[in-house]
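# Survey of secondary and tertiary structure
Listed below, chain by chain, are the residues.
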Amino acid sequence: MDIGINQAILITVSILFTTNLIGYIYTALILHTNLINDHRIQPKKYFSRRFYQRLPLILFNIFLLLAVGAIGVYLFYDILDFSIPTLGVFLLQLILIFLIDDLYFYLYHAALHTKFLYKHIHKTHHRSTMPIPMEYIFTHPLEWFFGAIGPFIGLAVIALFIPEINIYAFWTMTALRNLHELDIHSGVKSSKVTSAIPFYGTTEHHDLHHSRNKGNYASTFTLWDKVFGTEITKQ
């Protein structure tokens, strides 16, 4: 399929915008209804005023994310394959991008918990000890920028071995990554289905990180916490 650079950028930005719109709706349900609150991990009440005080920084980081997505696709356009992939190619590249991004995120996140970086950068995000969905993006802009480039680092590493990376695998990873971040910051108990997936990063896994302020540095998978011995499983 012949997709021009402008169209590729527009689709990427639309995916990022739409997933965050879903996140805002999810957040509003938690703040203004009782449909979900009975299923929250931490029973403490969350005050909507606190979220709206944080909204300006969240919105700034969303625009930063859209800019990173647009510039990233522009820079990597020449190595992107826009044909409909076989299932095998699609799954292989999807998994590779996820694994590389998640390893990068783990190492980067663990580094943010060192004394200097935590005090000057990461502490902003940890003001949310009981997070709700859109607070996944309530971070210092520098932290958010270096986190947002993770998928493109995945593309760069894969490009060392594979000449072309399928855009549909990348778009799918981008959408799932954002939706997963919204989920693990929701504070809502994971379903039995997701809890049964091996190495899947559940809400409980990440909620422990926020409540304990240490350990469980991985996001998409728990694999890296197991490998590096930083997994915590109890309050």
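Please refer to the structure higher up on the page.
Reading the values: rules and limits
Residues numbered from 1 in each chain as written. Predicted model: local features only at pLDDT ≥ 70, side-chain atom pairs only at ≥ 80, totals over all residues. Heavy atoms only, no water. Helix = DSSP H or I, 4+ residues; strand = E, 2+ residues; numbered from the N terminus. Rg over C-alpha atoms; globule rule 2.2 N^0.38 Å. Contact = heavy atoms within 4.5 Å. Areas by Shrake-Rupley, 256 points an atom, 1.4 Å probe, with all protein chains shown as cover. Lys, Arg positive; Asp, Glu negative; His and termini not counted. Charge placed at Lys NZ, Arg CZ, Asp CG, Glu CD. Salt bridge = Lys/Arg side-chain N within 4 Å of Asp/Glu carboxyl O. Buried < 20%, exposed > 50% of the residue type's maximum accessible area, 1.4 Å probe, protein only. Core = buried A, V, L, I, M, F, W, Y, C linked by side-chain atoms within 4.5 Å. Axes fitted to C-alpha atoms, helices over the stretch in contact; angles between N-to-C directions. Parallel < 35°, antiparallel > 145°, perpendicular 65-115°, else oblique. Expected span 1.5 Å × (residues − 1). Patch = residues over 30% accessible without salt bridge, like charges linked within 9 Å, V, L, I, M, F, W, Y side chains within 5 Å. Polar contact = N/O pair within 3.5 Å; in protein donor to acceptor, adjacent residues only side chain to side chain. Phe/Tyr/Trp six-rings, centres within 6.5 Å; stacked < 30°, edge-to-face > 60°.

### Considerations on the overall build of the protein chain
Along its length, the protein chain carries ten helices and two strands. In the protein chain, the succession of helices and strands from N to C terminus is α-α-β-α-α-α-α-β-α-α-α-α. Computed over C-alpha atoms, the radius of gyration of the protein chain comes to 18 Å, within 12% of the 18 Å expected from 2.2 N^0.38 for 235 residues, which places it in the range of a compact globule. Taking the principal axes of its C-alpha atoms as reference, the protein chain extends roughly 50 × 40 × 35 Å. In the protein chain, once contacts between residues fewer than 6 apart in sequence are set aside, the share between residues at least 24 apart is 71%. Counting only carbon and sulfur atoms, one obtains 69% of the accessible surface of the protein chain, whose full area is about 11800 Å². Taken together, the 17 basic and 15 acidic charged side chains of the protein chain have centroids lying 18 Å from each other.

### Details of the pattern of salt bridges
For the structure on display, the rule yields three salt bridges. For glutamate 135, the salt bridge goes to arginine 54, with nearest N and O atoms at 2.7 Å. One end of the pair, glutamate 135, is in the loop between α4 (115-120) and α5 (141-148); the other, arginine 54, is in helix α2 (residues 48-76), and 81 residues separate them in sequence. Accessibility assignment for this pair places glutamate 135 and arginine 54 in one class, buried. Across the pair lysine 226 and glutamate 231 runs a salt bridge whose closest N-O atoms are separated by 3.0 Å.

### Details of the nonpolar core
Core analysis: the largest hydrophobic core is formed by 46 residues, its most contacted members being Phe51, Ile58, Met134, Leu155 and Phe170. Counting only elements with at least two residues in this core, the list comes to α1 (5-32), α2, α3 (87-112), α5, α6 (150-159) and α7 (167-184). Per element, the largest residue contribution to this core is ten residues, and it comes from α2. Not counting residues within four places of it along the chain, the set of residues in contact with phenylalanine 170 comprises Val73, Ile97, Pro151, Phe152 and Leu155.

### Digging into the packing of α5 against α6
The angle between the axes and the distance between the axes are what describe a pair of packed helices. Running from N to C, α5 and α6 cross one another at 30°; their axes reach a closest spacing of 5 Å. Taken together, α5 and α6 sit at an angle that is classed as roughly parallel. Contacts between α5 and α6 involve Phe146, Gly147 and Ala148 from the first element and Gly150, Pro151 and Phe152 from the second.

### Focus: α1
With 28 residues, α1 should cover 40 Å at 1.5 Å per step; its first-to-last C-alpha distance of 40 Å lies within 8% of that length. Of all the residues in α1, the buried ones are Ala8, Ile9, Thr12, Ile15, Leu16, Thr19, Asn20, Gly23, Thr27, Ile30 and Leu31. Where α1 is buried, its residues touch α2 and α7.

### Here's the deal with a nonpolar patch on the surface
A surface patch of nonpolar side chains, about 660 Å² in accessible area, is lined by Phe17, Leu21, Tyr24, Ile25, Leu29, Leu35 and Tyr52. The element that contributes the greatest number of residues to the nonpolar patch is α1, accounting for five residues. Following the sequence through the fold, phenylalanine 17 ends up in helix α1.

### A short note on unusual backbone geometry
Despite not being glycine, asparagine 213 has its phi angle at roughly 65°, a positive value. With respect to the element layout, asparagine 213 can be found in the loop between α9 (203-212) and α10 (223-228). Phi is positive for asparagine 216, which is not a glycine, with a value near 50°. By the secondary structure assignment, asparagine 216 is in the loop between α9 and α10.

### Description of the side chain of threonine 203
Inspection of the secondary structure assignment puts threonine 203 in helix α9. Within the structure, threonine 203 has its side chain in polar contact with the backbone oxygen of aspartate 183 (distance 3.2 Å). Here threonine 203 is in contact with Ile41, Asp183, Ile184, Ser186, Gly187, Val188 and Ser190, once residues within four sequence places are set aside.

### So, the side chain of histidine 206
Tracing the chain through its elements places histidine 206 in helix α9. The contact partners of histidine 206, leaving out residues within four places of it in the chain, are His109, Ile184, His185, Asn216 and Ala218.

### Focus: the packing of aromatic side chains
Counted according to the given criterion, the structure contains twelve aromatic pairs. Plain terms: the ring middles of tyrosine 106 and tyrosine 217 are 6.1 Å apart, the flat faces sit at 70° to each other, and that makes the pair edge-to-face. Note that tyrosine 106 is positioned in helix α3 and tyrosine 217 in the loop between α9 and α10, a separation of 111 residues in sequence. Across this residue pair, the class does not change: tyrosine 106 and tyrosine 217 are buried. With a centroid separation of 5.6 Å and an interplanar angle of 90°, the aromatic rings of tyrosine 168 and tryptophan 171 are classed as edge-to-face. Taken together, the positions of tyrosine 168 and tryptophan 171, both in helix α7 and three residues apart, correspond to about one turn of that helix.

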